[in-house]
Amino acid sequence: MRVFQFTEQPYPSVWNDHNGSLRVNLPNRKLDPKVAADLFHRYYDEWQLCDELGLDIMINEHHSTATCMSAACVIGLSVLSRITKRARLLVLGYPIANRPDPLRAAEELATIDVISRGRLEMGFVRGVPQEVPIANLNPVFQSDRFWEAHDFIMKALTSHDEPFNWESENFNYRHVNIWPRCYQQPHPPVWSTTGSTYNAHKLGRYGYVMATLGTGYATRRLYDAYRKGYAETHGGAAAAADRFGYLGLVAVGRNREEALRRAELIASYPRSSAIVFAPFRNPPGYLSIEDNVRMLKGEGKPRSFTKDGRVVDMATGSVQDLIDAGVMFCGTPDEVYAQIADFVEHCGGMANLLMMGHAGPMDHEETVGNLTLFATEVYPRLKALRQPEPVAVAAQ
């Protein structure tokens, strides 16, 4: 198993001063640039520690929000590609549906891969609904834009013999010729995320690494949809465990008390990420008819499920609720290892843990303690964890 440390690089001091929305319309006068500078430097210090501890690194991008100051993930990738030595650098995600310039996106990714000497992992995502107005795009066609941008970027990264032109509904280029080309050939590994069985099936057909975020014990359903798609395009073969990733909150302590203290701080992530002004939550055309029906039925809140089917609201659930749902792994090193191993078995295999070992108001000392204890006393056992035998799930 590989483990990627993830933090959204938050600005937590305003989380209790937001007037109903931490995203999109929170005035930036509430941010002190000096405090933000200290936070950024601290987060990079912690990622350098991860590099030294043998952990990989995950970075993402959001806009106009106090929950994530990483508004241009290529900047973070640029810094990390130079100051780290061995860690894989996963960008999950890179919201290509919101970019007007997939050529520039391809150039950025190729350059980062070269600077890092082949340590980039590309995670293409559609983007969250509340950021549609920031991107100044029509949400109705966002899915189409995503796949057009994806197709263009992949062609741009893998075309080496001569320039080409590109004409599609959204993008038009007379001359495409990426310099430098990628360090990894034919291109860096590709990831994406989803909470939809339809999209999971499609990602399986591509064979990309698929990650789910806080889906708990409902994750098996998504993984099986991926397995069906994978088998369809890979001669009936079973998808290996390295095709699956999962983002979970992780709080480790020398004793239960220390672990629970850290868990309460990390739980601030699901409790804050959904604080969005109502008009931005569901722009017309962004969600499918099926997803809108679910919202009308009151099923639109971020939630997960325990093994026995109990619903857990991630925004209001207790730490124990989050543990029961497989959203959080918390306890002593032995307990955390056992919880992760159980989750892997339930999912039928999962070889990429996206670990949120920091969130919100968790300070540097607590974060370093959490990461170090995990890396020294949990991770070695996860590397040796025997994955369940891959099973091909036939299409119905």
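Rules behind the numbers
- Residues numbered from 1 in each chain as written.
- Predicted model: local features only at pLDDT ≥ 70, side-chain atom pairs only at ≥ 80, totals over all residues.
- Heavy atoms only, no water.
- Helix = DSSP H or I, 4+ residues; strand = E, 2+ residues; numbered from the N terminus.
- Rg over C-alpha atoms; globule rule 2.2 N^0.38 Å.
- Buried < 20%, exposed > 50% of the residue type's maximum accessible area, 1.4 Å probe, protein only.
- Contact = heavy atoms within 4.5 Å.
- Areas by Shrake-Rupley, 256 points an atom, 1.4 Å probe, with all protein chains shown as cover.
- Lys, Arg positive; Asp, Glu negative; His and termini not counted.
- Charge placed at Lys NZ, Arg CZ, Asp CG, Glu CD.
- Expected span 1.5 Å × (residues − 1).
- Salt bridge = Lys/Arg side-chain N within 4 Å of Asp/Glu carboxyl O.

Draft legend 1. Structural detail: the overall build of the chain. Looking only at helices and strands, one finds 14 helices and 13 strands in the chain. Over its C-alpha trace the chain gives a radius of gyration of 20 Å, about what one expects of a compact globule, namely 21 Å for 396 residues. Relative to its 396 residues, the chain shows a buried fraction of 54%. Long-range contacts, defined as pairs at least 24 residues apart, comprise 74% of the intrachain contacts of the chain with a sequence gap of at least 6. Taken as a whole, the chain presents about 17,400 Å² of accessible surface, with 52% of it coming from carbon and sulfur. One finds the centroid of the 41 positive side-chain charges in the chain at a distance of 1 Å from the centroid of its 45 negative side-chain charges.

Draft legend 2. Here's a closer look at helix H3 (residues 102–115). The end-to-end C-alpha distance of H3 is 20 Å, a good match for the 20 Å that 14 residues give at a rise of 1.5 Å each. Of the positions making up H3, those classed as buried are Pro102, Leu103, Ala105, Ala106, Glu108, Leu109, Ala110, Ile112 and Asp113. Against the buried residues of H3 lie helix H2 (73–83), strand E3 (89–95), strand E4 (120–125), helix H5 (142–158) and strand E6 (172–176).

Draft legend 3. Expanded view of the side chain of Arg145. Mapped onto the fold, Arg145 is located in helix H5. Put simply, Arg145 is tucked away with no salt bridge, and the nearest opposite charge, on Glu148, sits 7.2 Å away. In this structure Arg145 touches Ala97, Arg99, Pro100, Leu137, Asn170 and Phe171, once residues within four positions along its chain are discounted.

Draft legend 4. Up close: unusual backbone geometry. Residues Trp179 and Pro180 are joined by a peptide bond in cis, for which omega reads -5°. Summarising the element assignment, Pro180 is placed in the loop between E6 and strand E7 (190–193). The linkage connecting Gln185 with the following residue, Pro186, adopts the cis geometry, with an omega of 5°. With respect to the helices and strands, the residue Pro186 is situated in the loop between E6 and E7. Its identity is not glycine, yet Arg117 carries a phi of approximately 60°, on the positive side. Locating Arg117 in the fold gives a position in the loop between H3 and E4.

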